[in-house]
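An overview of the molecular structure
Chain by chain, the residues:
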Amino acid sequence: MVEVLLSLDPQDGNDPLEAAITLAEVPRKGEEIEVWIDEGVNRSRPEFLEVEHIVWCSYWPERIVVAVRSPTYDRDEVERILTAIKNGEKP
């Protein structure tokens, strides 16, 4: 298990949004990370984030930053995805 920091650029000129997540292994460029978003009333839906880049931090050796992108760049949707990651939501 490895903790990575997902960094998602909302494409609106603001700083990237980030969320820490624990994965089974370090993802590779082009792979997808599945995130489940709770829609209430026992319903959830998957969202897939595509890995764009992996950054190993020289100033913080155990930190791995994974730049991801979402098929939607709607800021509200991006924030829902990151909130789901932070809350560890599952199907």
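Please refer to the structure placed before this passage.
What you see is a predicted model; the values in this text were computed from it and never measured. (Residues numbered from 1 in each chain as written. Predicted model: local features only at pLDDT ≥ 70, side-chain atom pairs only at ≥ 80, totals over all residues. Heavy atoms only, no water.)

1. Focus on the environment of Lys86
Inspection of the secondary structure assignment puts Lys86 in helix 1 (residues 75-87). Residue class for Lys86 comes out exposed when judged on its relative accessible area of 57%. Along the primary structure Lys86 and Trp36 are separated by 50 residues, whereas in three dimensions their C-alpha atoms are 11 Å apart. Look past the residues within four positions of Lys86 in its chain and what remains in contact with it is Glu18 and Ala19. (Helix = DSSP H or I, 4+ residues; strand = E, 2+ residues; numbered from the N terminus. Buried < 20%, exposed > 50% of the residue type's maximum accessible area, 1.4 Å probe, protein only. Contact = heavy atoms within 4.5 Å.)

2. Let's talk about the pattern of salt bridges
Using the criterion set out here, one finds eight salt bridges in the structure. Here Arg69 makes a salt bridge to Glu50, at a shortest N to O gap of 3.1 Å. With Arg69 in strand 5 (residues 64-69) and Glu50 in strand 4 (residues 43-56), the pair connects residues that are 19 residues apart, well separated along the chain. Residue class for Arg69 comes out partly exposed when judged on its relative accessible area of 33%. One network of salt bridges, in which partners are shared, links Glu39, Arg43, Arg45, Glu47, Glu77 and Arg80. (Salt bridge = Lys/Arg side-chain N within 4 Å of Asp/Glu carboxyl O.)

3. Quick look at the nonpolar core
Ranked by size, the top nonpolar core spans 21 residues in total, and within it Val4, Leu6, Leu49, Val68 and Ile85 carry the most contacts. Every element with two or more residues in this core is listed here: strand 1 (2-8), strand 2 (17-23), strand 3 (32-40), strand 4, strand 5 and helix 1. At five residues, the largest contribution of residues to this core is made by helix 1. Those residues within four positions of Val4 in sequence are excluded, and the remaining contacts are Ala19, Ala20, Ile21, Leu23, Ile64 and Val66. (Core = buried A, V, L, I, M, F, W, Y, C linked by side-chain atoms within 4.5 Å.)

4. Points about the pairing of strand 4
Here strand 3 runs beside strand 4; their pairing, made up of eight bridges, is antiparallel. Note on strand 4: the bridge partner recorded for Asp38 is Ser44. If you look at the hairpin formed by strand 3 and strand 4, you'll find two residues sitting between the two strands, and Val41 has a positive phi there, around 50°. Direction of pairing for strand 4 relative to strand 5: antiparallel, over a ladder of six bridges. Within the sheet, the bridge partner assigned to Val51 lies in strand 5 and is Val68. (Pairing = 2+ DSSP bridges.)

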